[in-house]
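One letter stands for each residue in the lines below.
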Amino acid sequence: MSTLAPLRLLREPWNASEGNQSNATVGASGGWCQGLDIPNELFLALGLVSLVENLLVVAAILKNRNLHSPTYYFICCLAVSDMLVSISNLAEMLFVLLLEHGVLVMRPSIVRHMDSVIDTLICSSVVSSLSFLGVIAVDRYITIFYALRYHSIMTLQRAVVTMASIWLASTVSSTVLITYYRSNTILLCLIGFFLFMLVLMLVLYIHMFALARHHLHSISSQQKPPTAHRGGSLKGAVTLTILLGVFFICWGPFFFHLILIVTCPTNPFCTCFFSYFNLFLILIICNSVIDPLIYAFRSQELRRTLREVVTCSW
């Protein structure tokens, strides 16, 4: 039993006959199509690192009143989403080990119920992570292009409603996904959501960088030093672009895996790609490990607070 239960459900294509799938596997079983055997200990270690890192990010935001703003609340929610991936991974790992060693004896129906709960938790973190990345990008866009009206546009009440709506939608959609995971329509909706958010963030970042480049060109031609606001806006755009790039690299192979399941489940190349499923899982967990490092090194205020949290300077 592998880690990350809901992703395990999507390991093999179900929309192909057993004979065709077997023939495709045989046809693609040469050389690099053998896949990777990744030990469970690596999943466990990455899950622990991610859990600790994201806990520190959440604690830092809660501790520092200067970070009590919609932007950092969204970042906090993103860290919680990453924590859900780690907690679910660790919970399933412990659950599997206890069952395998006979320490925990449960009826098959209860085991299936526990598996569904873990499935829903991880799928919810997938949807919420992508959603909060999009919300953070929109928030930064408003900060740059509507700076004078930001506090009237992004009020605390609207931020709370946005966060609550995302968590509710993530829970409902993940429940539907786990229930109907064999449906191509459900997978296409998930893929479409990923592509929509990716395009949305790309458009926003391109517009932000175009403005930043225009400002820098104007400053250079007038030989004026850059203002702190423009420098901070550019730094924020760079941070979010890094987050987007990391998310795309870490999640892209998995969503490409879903696309292949829908489009070519019996093709030899696709079957060969499926054999690297464990690598895609490692990349997903790496995303939740890398995100906190980006927050710590890109935000001076958060970096300082993290240092206080680590040294217990409350």
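Not measured: the values here are computed from a predicted model. (Residues numbered from 1 in each chain as written. Predicted model: local features only at pLDDT ≥ 70, side-chain atom pairs only at ≥ 80, totals over all residues. Heavy atoms only, no water.)

**Structural notes on the state of the cysteines**
This model, assessed by the stated rule, comprises one disulfide. Each sulfur in the disulfide pair Cys264 and Cys270 lies 1.8 Å from the other. As the torsion about the S-S bond is roughly -75 degrees, the Cys264-Cys270 disulfide counts as left-handed. The buried category is assigned to Cys264, whose relative accessible area is 17%. For Cys270, a relative accessible area of 2% gives the class buried. (Disulfide = S-S within 2.5 Å. Buried < 20%, exposed > 50% of the residue type's maximum accessible area, 1.4 Å probe, protein only.)

**Some words on the environment of Ile284**
By the secondary structure assignment, Ile284 is in helix α11 (residues 277-298). We classify Ile284 as buried; its relative accessible area is 3%. In this structure, the C-alpha to C-alpha distance between Ile284 and Gly252, residues 32 residues apart in sequence, is 9.3 Å. (Helix = DSSP H or I, 4+ residues; strand = E, 2+ residues; numbered from the N terminus.)

**Some details on the side chain of Ser86**
Here Ser86 lies in helix α4 (residues 70-100). Its relative accessible area of 1% is what places Ser86 among the buried residues. If near-sequence neighbours (up to four positions away) are discounted, Ser86 is found in contact with Gly47, Ser50, Leu51 and Ser288. (Contact = heavy atoms within 4.5 Å.)

**Focus on the UniProt feature "transmembrane region" (unreviewed entry) in the protein chain**
Taking the numbering used here, the UniProt-annotated feature "transmembrane region" (unreviewed entry) corresponds to residues 42-62, 74-97, 117-138, 159-179, 185-212, 233-261 and 273-297. Across residues 42-62, the secondary structure splits into 100% helix and 0% strand, with the terminal C-alpha atoms separated by 30 Å. Secondary structure content for residues 74-97 is 100% helix and 0% strand, and the end C-alpha separation is 35 Å. (UniProt positions renumbered as here; feature names shortened; annotations may be inferred.)

**Some words on the packing of aromatic side chains**
The final tally for this structure, using the stated rule, is eight aromatic pairs. Note on Phe256 and Phe273: the rings are 5.0 Å apart at their centroids and 85 degrees apart in plane angle, and the pair reads as edge-to-face. Placement of the pair is Phe256 in helix α9 (residues 228-263) and Phe273 in helix α10 (residues 268-274), with a sequence separation of 17 residues. The class of Phe256 is partly exposed, set by a relative accessible area of 35%. Accessibility expressed as a relative area gives 16% for Phe273, which makes it buried. Three or more aromatic residues joined by ring pairs form one cluster here, namely Phe194, Trp251, Phe254 and Phe255. (Phe/Tyr/Trp six-rings, centres within 6.5 Å; stacked < 30°, edge-to-face > 60°.)

**A look at the nonpolar core**
Counting residues in hydrophobic clusters, the biggest one holds 79 residues, and the most contacted among them are Ile61, Met201, Trp251 and Phe255. The residues touching Trp251, leaving out its near neighbours within four places in the chain, are Val126, Phe194, Ile284 and Asn287. (Core = buried A, V, L, I, M, F, W, Y, C linked by side-chain atoms within 4.5 Å.)

**Considering the packing of helix α3 (residues 40-63) against α4**
Taken N-terminus to C-terminus, the directions of α3 and α4 make an angle of 150 degrees; their axes are 8 Å apart at the nearest point. The pairing of α3 with α4 is recorded here as roughly antiparallel in orientation. As for how α3 packs across α4, the hand of that crossing is left-handed. Each of Asn40, Phe43, Leu44, Gly47, Leu48, Ser50, Leu51, Asn54, Leu55, Val57, Val58 and Ile61 in α3 lies in contact with α4, whose residues at this interface are Tyr72, Ile75, Cys76, Ala79, Val80, Asp82, Met83, Ser86, Ile87, Asn89, Leu90 and Met93. A breakdown of the residues in the contact of α3 with α4 according to their chemical character gives 17 nonpolar, six polar and one charged. (Axes fitted to C-alpha atoms, helices over the stretch in contact; angles between N-to-C directions. Parallel < 35°, antiparallel > 145°, perpendicular 65-115°, else oblique. Left-handed = near helix turned anticlockwise from the far one by under 90°. Nonpolar A, V, L, I, M, F, W, Y, C, P; charged D, E, K, R; others polar.)

**Here we look at the pattern of salt bridges**
Applying the stated criterion across every chain, the model contains three salt bridges. As a salt-bridge pair, Glu308 and Lys63 come within 2.7 Å of each other at their nearest N and O atoms. Here Glu308 is found in helix α12 (residues 300-310), whereas its partner Lys63 is found in helix α3, with 245 residues between them in sequence. The salt bridge partner of Arg304 is Glu301, with a shortest N-O separation of 2.7 Å. Linking Arg304 with Glu301, this pair stays in helix α12, spanning three residues, or about one helical turn. By relative accessible area, which is 25% here, Glu301 ends up partly exposed. Connected through shared salt-bridge partners, Lys63, Glu301, Arg304 and Glu308 make up one network. (Salt bridge = Lys/Arg side-chain N within 4 Å of Asp/Glu carboxyl O.)

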